[in-house]
Amino acid sequence: MRSISNRFFYAIVVLLNVFAAGSICAQQYRPIATWPDETNARIEEFLNTTLTVTGRKVAVFDCDGTVFGQAPYYLADEALYDYADKKYKNRKDKESRQKMAILDGNNVGKPYVEDRVHFLSGMTPEEIATLGYDCYMRSYKGKMYPEMKTLISNLKEYGFEVWILTASPEFLYQRFVASELGIPVTHVLGVKGVVKNGVMSDEIIMPIPQDDGKAQVIPTYIKAVPLIVGGNSRGDMDMLNESRGLKIVVNPDDVTVRGKEDGPMSGHTVKSYWEKEGALIVHCNDVRDKNVSFKTADFKIRTNLENPKK
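So, a few notes on the structure that sits alongside this text. (Residues numbered from 1 in each chain as written. Predicted model: local features only at pLDDT ≥ 70, side-chain atom pairs only at ≥ 80, totals over all residues. Heavy atoms only, no water.)

Okay, the pairing of strand 6 (residues 246-250) next. The two faces of the sheet receive side chains in turn, since in a regular strand these alternate between them. The buried fraction of strand 6 is high, at 5 of 5 residues. Alternating residues of strand 6 divide into Leu246, Ile248 and Val250 and Lys247 and Val249, and every residue in both groups is buried. Relative to strand 6, strand 5 (residues 228-231) runs parallel, the two being bridged by 4 bridges. Each bridged residue has a counterpart across the sheet, and for Gly230 the counterpart in strand 6 is Ile248. Pairing analysis gives 3 bridges linking strand 6 to strand 7 (residues 280-282), with the strands arranged parallel. Bridging across to strand 7, Val249 finds its partner in Ile281. The handedness of the strand 6 to strand 7 crossover, carried by helix 11 (residues 270-276), is right-handed. (Buried < 20%, exposed > 50% of the residue type's maximum accessible area, 1.4 Å probe, protein only. Helix = DSSP H or I, 4+ residues; strand = E, 2+ residues; numbered from the N terminus. Pairing = 2+ DSSP bridges. Right-handed = clockwise from strand over helix to strand, strands pointing away.)

In this section: the sheet that holds strand 5. The strand order 4-3-2-1-5-6-7 describes an open sheet built from 7 strands, whose pairing is mixed. Edge positions in the sheet fall to strand 4 (199-205) and strand 7, since each has one partner strand and no second. This sheet shows a mean twist of 30 degrees between the axes of neighbouring strands, independent of strand direction. Packing of helix 9 (residues 212-222) onto the sheet brings it into contact with strand 1 (58-62), strand 2 (161-169), strand 3 (188-196) and strand 4, and relative to strand 2 it is tilted by some 125 degrees. (Axes fitted to C-alpha atoms, helices over the stretch in contact; angles between N-to-C directions. Contact = heavy atoms within 4.5 Å.)

Before going further, it helps to spend a moment on the nonpolar core. Among the nonpolar cores identified, the biggest contains 67 residues, and Phe61, Tyr173 and Ile228 are the most heavily contacted of them. Here this core takes 7 residues from helix 3 (residues 75-87), the largest share from any one element. By size, the runner-up hydrophobic cluster in this structure holds 20 residues, among which are Val60, Leu189, Met237 and Val249. (Core = buried A, V, L, I, M, F, W, Y, C linked by side-chain atoms within 4.5 Å.)

Residue Pro72 follows Ala71 across a cis peptide bond; omega there is 5 degrees. Assignment of secondary structure puts Pro72 in the loop between strand 1 and helix 3. Of note, the phi angle at Asp211 is positive, near 55 degrees, even though the residue is not glycine. With respect to the helices and strands, Asp211 occurs in the loop between strand 4 and helix 9. The phi dihedral of Asn251 falls on the positive side, at around 45 degrees, and the residue is not glycine.

What follows deals with the side chain of Lys57. The topology assignment puts Lys57 in the loop between helix 2 (37-49) and strand 1. Here Lys57 sits buried without a salt bridge, and the closest side chain of opposite charge, Glu157, lies 10 Å off (N-O distance). Separated by 2.5 Å, the side chain of Lys57 and the backbone oxygen of Tyr158 make a polar contact. Setting aside its immediate chain neighbours within four residues, Lys57 contacts Thr50, Leu51, Tyr158, Gly159, Phe160, Glu161 and Leu227. (Lys, Arg positive; Asp, Glu negative; His and termini not counted. Salt bridge = Lys/Arg side-chain N within 4 Å of Asp/Glu carboxyl O. Polar contact = N/O pair within 3.5 Å; in protein donor to acceptor, adjacent residues only side chain to side chain.)

Moving on: the pattern of salt bridges. Tallied over the full model, the rule gives 21 salt bridges. Linking Asp82 and Arg138 is a salt bridge whose minimum nitrogen-to-oxygen distance equals 3.3 Å. Here the residue Asp82 occupies a position in helix 3, and Arg138 occupies one in helix 6 (residues 125-140), the gap between them amounting to 56 residues. Owing to a relative accessible area of 9%, Asp82 belongs among the buried residues under this scheme. With its nearest N and O atoms 4.0 Å apart, the salt bridge here joins Asp238 to Arg234.

This paragraph deals with the packing of aromatic side chains. Note on aromatic pairs: each is described by the distance of the centres and the angle between the planes. Within this structure, the stated rule accounts for 13 aromatic pairs. Consider the rings of Phe68 and Tyr140, whose centres lie 6.4 Å apart with planes at 85 degrees: the pair is edge-to-face. With Phe68 in the loop between strand 1 and helix 3 and Tyr140 in helix 6, the pair connects residues that are 72 residues apart, well separated along the chain. For Phe68, a relative accessible area of 0% gives the class buried. What links up through ring pairs into an aromatic cluster is the set Phe68, Tyr73, Tyr136, Tyr140, Tyr173, Phe176 and Phe294. Directly above the ring of Phe119 sits Lys99, whose terminal nitrogen or CZ lies 5.8 Å from the centroid. (Phe/Tyr/Trp six-rings, centres within 6.5 Å; stacked < 30°, edge-to-face > 60°. Lys NZ or Arg CZ within 6 Å of the ring centre and 35° of its normal.)

Given below as structure tokens:
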């Protein structure tokens, strides 16, 4: 009787081991067609090293320019300027004059990203989400990088949580980003405005996910050290350095040499700095759709550089 019990016990152990091995092998990397073989090999090799990781596996990506195109204008700008043109432009009432004064033509720095929230104050979260979603469907549909969508699908296959950080208002981006990438709405983190009595207020919750603030958002809200971080610009440097595994840089600038104010990036372009640091450099097609008319252009806002497919 004892020998039968032992044989039964060992058979169960073997079956459990086979099941566990099969579960590990079930994760299969799907190559990203337009990226080089060596790029795919590096990603697959890294993902396979995470198969035995216990606990949370987290990947964090910047939004504009990293997971979808930003040429010729940021979606947040287009959404707000289009709304301003329809609702406030050429009106003389106090609210209209105040709202138009917020959109002063400057679209860089933390004060600028705070002003986006100030502009949207007085609207409900649902109205803001609809504004962003409608702008995406009207002017940016198809600009989600297919390579990044495939990469994110691979990450989910390997058991990763995928988070998106944006310096744009959180409510403005959550619906369309979550829908396109197949991630929870709560995994899209942006500039947070306090909702009072059902509408957005002028009060902003810190940290702001801009420059060093992006790095601060990770422990504050995600509460995990990411294994993968992806970005595209100088503003993503601090966030990228939070990765304890793979750093992915999309369409990095290789023209502007950064100055002393950029810390360790001083004397480098974004591309040359991350090449030196061993990051994975990838390219996605980001060019202007000439069939789309952008209201942002009427307000003389500077354009973002195009990154045609190489």
